[in-house]
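# Remarks on the overall topology
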Amino acid sequence: MAVTAREVALQCMIAGEKQGAWSDGYLRNAIRKAKLSARDAALCTRITYGILQNRMLLDWHIARLSTVPEGDLEPAVKNCLRMGIYQLGFLDRIPPHAAVNEAVSLTKRYARNPRASGLVNAVLRAFDRERESGLPQPEEISVRYSHPQWLVEEFSGCLPKDEVESLLKADNSLAPTQAQVNLLKTTITSLKKEISEAGVSAVEHAWLPNCVELEDTGDLTELPAFREGCFYVQDVAARVSIMAADPQPGDRVLDACAAPGGKSFAAAIAMADQGEIISCDIHPHKMKLIMQGRDRLGLDCITPEVMDAKVFRPEWEGSFDLVIADVPCSGLGVIRKKPDIRYKDPAPLEGLSKIQLDILSNVARYVRPGGTLLYSTCTLLWRENQGVVQQFLEKGKSFSLSPFQLPDPIGRVEDGMLTLWPHRHGTDGFFIAKLIRAC
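Cut-offs and rules
Residues numbered from 1 in each chain as written. Predicted model: local features only at pLDDT ≥ 70, side-chain atom pairs only at ≥ 80, totals over all residues. Heavy atoms only, no water. Pairing = 2+ DSSP bridges. Helix = DSSP H or I, 4+ residues; strand = E, 2+ residues; numbered from the N terminus. Axes fitted to C-alpha atoms, helices over the stretch in contact; angles between N-to-C directions. Contact = heavy atoms within 4.5 Å. Parallel < 35°, antiparallel > 145°, perpendicular 65-115°, else oblique. Left-handed = near helix turned anticlockwise from the far one by under 90°. Nonpolar A, V, L, I, M, F, W, Y, C, P; charged D, E, K, R; others polar.

## Thoughts on the sheet that holds strand 4 (residues 231–233)
Across the sheet, 4 strands lie side by side as 2-3-1-4; this open sheet has antiparallel pairing. Sheet topology places strand 2 (201–204) and strand 4 at the edges, where each strand pairs with a single neighbour. Here the strands of the sheet are splayed against their neighbours by 35° on average, with no regard to which way each runs. The pairing of strand 1 (residues 177–181) with strand 3 (residues 211–215) spans 4 bridges and is antiparallel. Bridging from a neighbouring strand, Thr-177 pairs with Leu-214 of strand 3. Strands strand 1, strand 3 and strand 4 of the sheet are contacted by helix 13 (residues 236–245), whose axis makes an angle of about 35° with strand 1.

## Some remarks on the packing of helix 4 (residues 55–65) against helix 5 (residues 75–90)
Helix 5 packs onto helix 4 with a crossing angle of 100° between their chain directions and a minimal axis gap of 9 Å. With respect to their mutual orientation, helix 4 and helix 5 come out roughly perpendicular. Contact residues: helix 4 offers Arg-55, Leu-57, Leu-58, Asp-59, His-61 and Ile-62, while helix 5 offers Lys-78, Leu-81, Arg-82, Ile-85, Tyr-86 and Phe-90.

## Things to note about the packing of helix 5 against helix 7 (residues 116–133)
Remark: helix 5 packs on helix 7, axes separated minimally by 10 Å, with the N-to-C direction vectors making an angle of 20°. Between helix 5 and helix 7, the crossing angle belongs to the class labelled roughly parallel. The two elements helix 5 and helix 7 meet at a crossing, and its hand is right-handed. Two secondary-structure elements touch here, helix 5 through Val-77, Leu-81, Gly-84, Ile-85, Leu-88 and Gly-89 and helix 7 through Ala-116, Leu-119, Val-120, Val-123, Leu-124, Phe-127, Asp-128 and Arg-131. Its residues assigned to classes, the contact of helix 5 with helix 7 comprises 10 nonpolar, 2 polar and 2 charged.

## Re unusual backbone geometry
Ala-259 connects to Pro-260 through a cis peptide bond whose omega is 5°. With an omega of 15°, the peptide bond running from Asp-408 to Pro-409 counts as cis. Relative to the elements of secondary structure, Pro-409 occurs in the loop between strand 11 (404–405) and strand 12 (412–413). Within the chain, Asp-246 stands out as a residue other than glycine whose phi angle is a positive 60°. Along the chain, Asp-246 falls in the loop between helix 13 and strand 5 (252–255).

In structure tokens:
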């Protein structure tokens, strides 16, 4: 029997709870293994991400309507209920009977309790009746937008009160697929034409040059333009960080935490593939990702190398024009793309700022006098962003923050530090700090 889109979504949810699997990686592999059509793959992805984006709200509804306590439901049953409620409550194009029947059918196949399908049928039909007359909503903003309370409190400490809800809404939105043009091989006009002729919608980004937003993508790796190296997928925020660093042809650049290589690729294109970029990561298996992207894009100036960014390399001291430190972080700026990040245990995050400061302090020694040090993260927490930069500047007096210029509507960043917000800028949540070493 062929595996359906909803069944793959269910398998992904169960794997996430039982094995701690990250949804994006598991889902990608599961869709490929199931050989889903482009349409079914899109439905599967939407259901999976939709459940993760709204899990606390879905569980709130289950707790209201189920005769079995929500905590006593086995994973397969709970996730069939989540799937049914999500489709009924959030997807306009799914007929209610299809959502209910498929959830009941999957419960019969995956649940250990033979009576569980009756419970699923009853809960979903009760929810559907309520939906027609108006659903109740939880008072707590945390539950309404499915962000754990600790995370709401963290964001409340970083944003004006009236913006917190806007950020939570943005976190639950669909992130666009953004492709950066490889100007060494094509132009944005030619790329748009080629992609459009392949049946993929491509629209120029509203304010970032040489960037297109893609819809109805299917498997992008199958596009001739992708195989020919005419573009690479990268969020606007990451590309903007390289614009802030402003690498020039002939520069010697170190990308200290590079995998999978997007910032190295952006820097190489900005440098017209002239100069040298050493792209490092602590994990040897990630060298393959960097090399594959480099070779596909035709970027000869990039050399991958395994490196622990916390360990000093004396032969590199003072020898780079630009050092990029895109450090490991909590990832709380990319919740749109990895919605399950919000549910991870926050305790290990407490030690991240020390690791980040150790990396920044070490790789700063590789910057030549007058050279540039770029610090960036894909998180929104002050302690991992401004807090780390502040500690670094207090320790190392040879560096200072430097202004940088970006396209409007951002414009000139006078204080050398910028936080990009999903609800303000339509990008990943991202932090950039540009520092210059004294001559």
